[in-house]
Amino acid sequence: MTATDLRIRDIEPAGPLFEGAIAVYGDSFAEPPYSDLDRGREVRARIRDTHRHRKGFRFLVAESEGAVLGMAYGYRGEDGQWWHDAVARWLGPRKSAEWLSDAYEVVEVAVAPAAQGRGIGTALVTALLEGRPERTAVLSTRTDSRAHELYHRLGFEYLAEMTFTAGGWPFYIMGRRLR
């Protein structure tokens, strides 16, 4: 695959391309450090039941020669959403106002294990954030994955390290100014 072979496009959360994207997601999260064999089914349900109805929802796929190689999606974060509220409590009022009051949340990014390291994640995140009207973009990623290195290269800074559940995995909360 060359950079010109890669096509990034918006799709609806239904149909064969969506299912291909969910399969890529499931495959990438079945690998260490996650080793979560049920993650694809879980994210499909969250997208269909809740996330696709949020303001600014956008679902992208990366494909080349008819094969789905990656996916990403996000939406505008708001008070009352679980992730938004958990991070706001952790960051405190001042930092939360700075980073979460007008933020686009990069919810999930996944690249097929065999296609990682080829710039697909960069292309997906760049396309997802292109033209966003929000002031910031925010995300979380487990500290034991290498994903934070990609986000840091894309201009995201480390805002905090936190756990979402007692005894759970630590996550980096990262943010980037969009305007």
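Every value quoted in this text rests on a predicted model; they were computed, and no experiment measured them. Chains are numbered independently. Their residues run from 1 in the order of the written sequence. The predicted nature of this model means local features are confined to residues of pLDDT at least 70 and side-chain atom pairs, given and counted, to a pLDDT of 80 or more, with totals for whole chains, interfaces and linings taken over all residues. With hydrogens and water stripped out, all remaining heavy atoms of the structure feed into the side-chain values.

J.: Lay out the packing of aromatic side chains in plain terms, naming residues and giving numbers.
T.: Working definition: a ring pair exists when centres of Phe, Tyr or Trp rings (six-membered ring for Trp) sit within 6.5 Å. Plane angles under 30 degrees give stacked, over 60 give edge-to-face, the rest tilted. Per the counting criterion, the structure on display carries nine aromatic pairs. A ring pair is formed by Tyr 151 and Phe 156, whose centres lie 5.9 Å apart and whose planes are at 65°; its orientation type is edge-to-face. Grouping residues by exposure puts Tyr 151 and Phe 156 together as buried. Members of the aromatic cluster, each reached through a chain of ring pairs, are Phe 18, Phe 57, Phe 59 and Tyr 73. Note on geometry: a ring has a charge over it if NZ (lysine) or CZ (arginine) is within 6 Å of the ring centre and within 35 degrees of the ring normal. Taking the ring centre of Phe 29 as reference, the NZ or CZ of Arg 39 above it sits at 4.1 Å. The side chain of Arg 39 reaches across the aromatic face of Tyr 34, ending 5.9 Å from its centre. Partly exposed describes any residue whose relative accessible area lies between the buried limit of under 20% and the exposed limit of over 50%, with all areas from a 1.4 Å probe on protein chains only and scaled to the type maximum.

J.: A description of the sheet that holds strand E2 (residues 58-64) should follow, citing residues and the corresponding values.
T.: By definition, two strands form a pair when at least two bridges between them are found by DSSP. A helix here means a DSSP run of H or I that spans at least four residues, while a strand means a run of E at least two residues long, and both kinds are numbered starting from the N terminus. Taken in spatial order, the seven strands make up an open sheet running E1-E2-E3-E4-E5-E7-E6, and their pairing is mixed. Only two strands of the sheet have a single partner each, and these edge strands are strand E1 (7-10) and strand E6 (157-163). If you compare each strand with its neighbour and ignore which way they point, the axes differ by 25° on average. Pairing analysis gives three bridges linking strand E4 (residues 103-111) to strand E5 (residues 136-142), with the strands arranged parallel. Of the residues in E5, the one forming a bridge with Ala 103 is Thr 136. Every angle, taken between N-to-C directions, lies between 0 and 180 degrees, and every axis is a line fitted to C-alpha atoms, over only the stretch in contact when it is a helix.

J.: I'd like to hear about the packing of helix H1 (residues 16-30) against helix H2 (residues 39-49), residue by residue, with values.
T.: Running from N to C, H1 and H2 point in directions that differ by 135°, and their axes come no closer than 8 Å. By the angle between their axes, H1 is oblique relative to H2. Regarding H1 and H2, the two cross each other, and that crossing is right-handed. When H1 is examined against H2, the residues Phe 18, Glu 19, Ile 22, Tyr 25, Gly 26 and Phe 29 are found in contact with a partner set consisting of Arg 39, Gly 40, Val 43, Arg 44, Arg 46, Ile 47 and Arg 48. Residue polarity is assigned by list, with Asp, Glu, Lys and Arg as charged and Ala, Val, Leu, Ile, Met, Phe, Trp, Tyr, Cys and Pro as nonpolar; anything else, Gly included, falls into the polar class. A per-class count over the contact of H1 with H2 returns six nonpolar, two polar and five charged. Oblique is the label for any angle not under 35 degrees, not over 145, and not in the 65 to 115 range, which are roughly parallel, roughly antiparallel and roughly perpendicular in turn. A crossing counts as left-handed when the near helix is turned anticlockwise from the far one by less than a right angle, and as right-handed when that turn is clockwise. The contact criterion used throughout is that any non-hydrogen atoms of two residues lie within 4.5 Å.

Worth remembering: the numbers are spatial, not functional.
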